[in-house]
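Here's the letter readout for the chains.
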Amino acid sequence: MNVSQCKMARAALGWGIRDLAKYSGVAVSTISRYEAGENINLRSYEALMNAIDVAGIQFIPENGGGAGVRFKDRDQGL
(Lines give C-alpha, C1' and ligand atoms only; values in the text may rest on other atoms or scores of the structure.)
Protein backbone atom coordinates (compact mmCIF):
# COMPACT_ATOMS: atom_id res chain seq x y z
CA MET A 1 0.00 0.00 0.00
CA ASN A 2 1.40 3.35 -0.99
CA VAL A 3 0.28 6.75 0.28
CA SER A 4 -2.12 7.31 -2.63
CA GLN A 5 -3.73 3.92 -2.08
CA CYS A 6 -4.23 4.70 1.60
CA LYS A 7 -6.01 7.94 0.71
CA MET A 8 -8.05 6.24 -2.04
CA ALA A 9 -9.09 3.48 0.36
CA ARG A 10 -10.24 5.99 2.95
CA ALA A 11 -12.22 7.87 0.31
CA ALA A 12 -13.86 4.68 -0.97
CA LEU A 13 -14.87 3.75 2.57
CA GLY A 14 -15.98 7.27 3.44
CA TRP A 15 -13.44 7.33 6.27
CA GLY A 16 -11.55 10.28 7.63
CA ILE A 17 -8.20 9.89 9.31
CA ARG A 18 -9.91 9.55 12.70
CA ASP A 19 -11.96 6.61 11.40
CA LEU A 20 -8.87 4.83 10.14
CA ALA A 21 -7.19 5.52 13.47
CA LYS A 22 -10.15 4.01 15.33
CA TYR A 23 -10.25 0.83 13.24
CA SER A 24 -6.49 0.33 13.04
CA GLY A 25 -5.41 1.39 16.53
CA VAL A 26 -2.82 3.71 14.95
CA ALA A 27 -2.55 7.29 16.18
CA VAL A 28 -4.05 10.05 14.04
CA SER A 29 -0.66 11.79 14.03
CA THR A 30 1.03 8.66 12.67
CA ILE A 31 -1.50 8.33 9.86
CA SER A 32 -1.11 12.02 9.03
CA ARG A 33 2.66 11.61 8.89
CA TYR A 34 2.35 8.55 6.65
CA GLU A 35 -0.04 10.32 4.28
CA ALA A 36 2.39 13.26 4.16
CA GLY A 37 5.07 10.89 2.87
CA GLU A 38 7.00 10.22 6.07
CA ASN A 39 8.10 6.76 7.14
CA ILE A 40 6.23 4.96 9.90
CA ASN A 41 7.13 1.77 11.74
CA LEU A 42 6.24 -1.59 10.26
CA ARG A 43 3.73 -2.46 12.98
CA SER A 44 1.72 0.71 12.32
CA TYR A 45 1.88 0.17 8.55
CA GLU A 46 0.62 -3.40 8.91
CA ALA A 47 -2.20 -2.27 11.24
CA LEU A 48 -3.33 0.29 8.64
CA MET A 49 -3.27 -2.29 5.86
CA ASN A 50 -5.16 -4.81 8.00
CA ALA A 51 -7.92 -2.35 8.96
CA ILE A 52 -8.45 -1.40 5.32
CA ASP A 53 -8.40 -5.05 4.24
CA VAL A 54 -10.95 -6.05 6.91
CA ALA A 55 -13.17 -3.18 5.73
CA GLY A 56 -13.32 -4.82 2.31
CA ILE A 57 -10.76 -2.95 0.23
CA GLN A 58 -8.32 -4.74 -2.05
CA PHE A 59 -5.08 -3.12 -3.15
CA ILE A 60 -4.34 -3.22 -6.88
CA PRO A 61 -0.60 -3.33 -7.63
CA GLU A 62 1.19 -1.13 -10.13
CA ASN A 63 0.77 -3.03 -13.39
CA GLY A 64 1.29 -0.44 -16.08
CA GLY A 65 -2.01 1.27 -15.32
CA GLY A 66 -1.14 2.66 -11.92
CA ALA A 67 -1.69 1.35 -8.43
CA GLY A 68 -5.19 1.58 -7.02
CA VAL A 69 -7.85 0.11 -4.77
CA ARG A 70 -11.20 -1.57 -5.23
CA PHE A 71 -13.87 -3.20 -3.13
CA LYS A 72 -13.39 -6.95 -2.74
CA ASP A 73 -17.13 -7.45 -3.15
CA ARG A 74 -18.46 -5.86 -6.35
CA ASP A 75 -21.76 -4.87 -4.72
CA GLN A 76 -20.13 -3.19 -1.73
CA GLY A 77 -19.17 -0.04 -3.58
CA LEU A 78 -22.58 0.55 -5.17
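Residues numbered from 1 in each chain as written. Predicted model: local features only at pLDDT ≥ 70, side-chain atom pairs only at ≥ 80, totals over all residues. Heavy atoms only, no water.

Engineer: How should I be thinking about the packing of helix H2 (residues 17–24) against helix H3 (residues 28–35) in this particular structure?
Structural biologist: Each pair of packed helices can be described by the angle between their axes along with the distance between the axes. At a minimum axis distance of 9 Å, the contact between H2 and H3 shows a crossing angle of 120 degrees. One way to sum up the angle between H2 and H3 is to call them oblique. The two elements H2 and H3 cross, and the hand of that crossing is right-handed. Where H2 abuts H3, its residues Ile17, Arg18, Leu20, Ala21 and Ser24 lie against Val28, Ile31, Ser32 and Glu35. Each residue belonging to the contact of H2 with H3 can be placed in one class, and the counts come to five nonpolar, two polar and two charged. (Axes fitted to C-alpha atoms, helices over the stretch in contact; angles between N-to-C directions. Helix = DSSP H or I, 4+ residues; strand = E, 2+ residues; numbered from the N terminus. Parallel < 35°, antiparallel > 145°, perpendicular 65-115°, else oblique. Left-handed = near helix turned anticlockwise from the far one by under 90°. Contact = heavy atoms within 4.5 Å. Nonpolar A, V, L, I, M, F, W, Y, C, P; charged D, E, K, R; others polar.)

Engineer: Just checking my understanding: could you explain H2 for this structure?
Structural biologist: Since the α-helix turns once every 3.6 residues, residues separated by three or four places project in the same direction. Within H2, burial applies to Leu20, Ala21 and Ser24. Viewed end-on, H2 has its buried residues packed into an arc of 105 degrees, placing them on one side of the element. Along H2, exposed side chains directed more than 90 degrees from the buried face belong to Arg18 and Lys22. Residues of H2 that are buried sit in contact with helix H1 (3–13), H3 and helix H4 (42–54). Of the residues trailing H2, Gly25 is marked for its positive phi of about 80 degrees. (Buried < 20%, exposed > 50% of the residue type's maximum accessible area, 1.4 Å probe, protein only. Arc of directions from axis to C-beta.)

Engineer: Mind showing me how you'd approach the nonpolar core here?
Structural biologist: One broad rule of soluble globular proteins: the nonpolar side chains tend to lie buried together. In this structure, Leu20, Leu48 and Ile52 are the most contacted members of the largest nonpolar core, which totals 18 residues. For this core, the element with the highest residue contribution is H4, accounting for four residues. (Core = buried A, V, L, I, M, F, W, Y, C linked by side-chain atoms within 4.5 Å.)

Engineer: So what exactly am I meant to see when it comes to the pattern of salt bridges here?
Structural biologist: Side chains bearing opposite charge may pair, as long as their charged atoms lie close to each other. As enumerated under the stated definition, the model contains three salt bridges in all. With a closest N to O distance of 2.8 Å, Glu35 and Arg10 form a salt bridge. Taken together, the residues Glu35 in helix H3 and Arg10 in helix H1 connect sequence positions 25 residues apart. By relative accessible area, which is 9% here, Glu35 ends up buried. For Asp53, the salt bridge goes to Lys72, with nearest N and O atoms at 2.4 Å. Note that Asp53 is positioned in helix H4 and Lys72 in the segment after strand E2 (68–71), a separation of 19 residues in sequence. Classification of Asp53 by relative accessible area gives partly exposed; the value is 34%. (Salt bridge = Lys/Arg side-chain N within 4 Å of Asp/Glu carboxyl O.)

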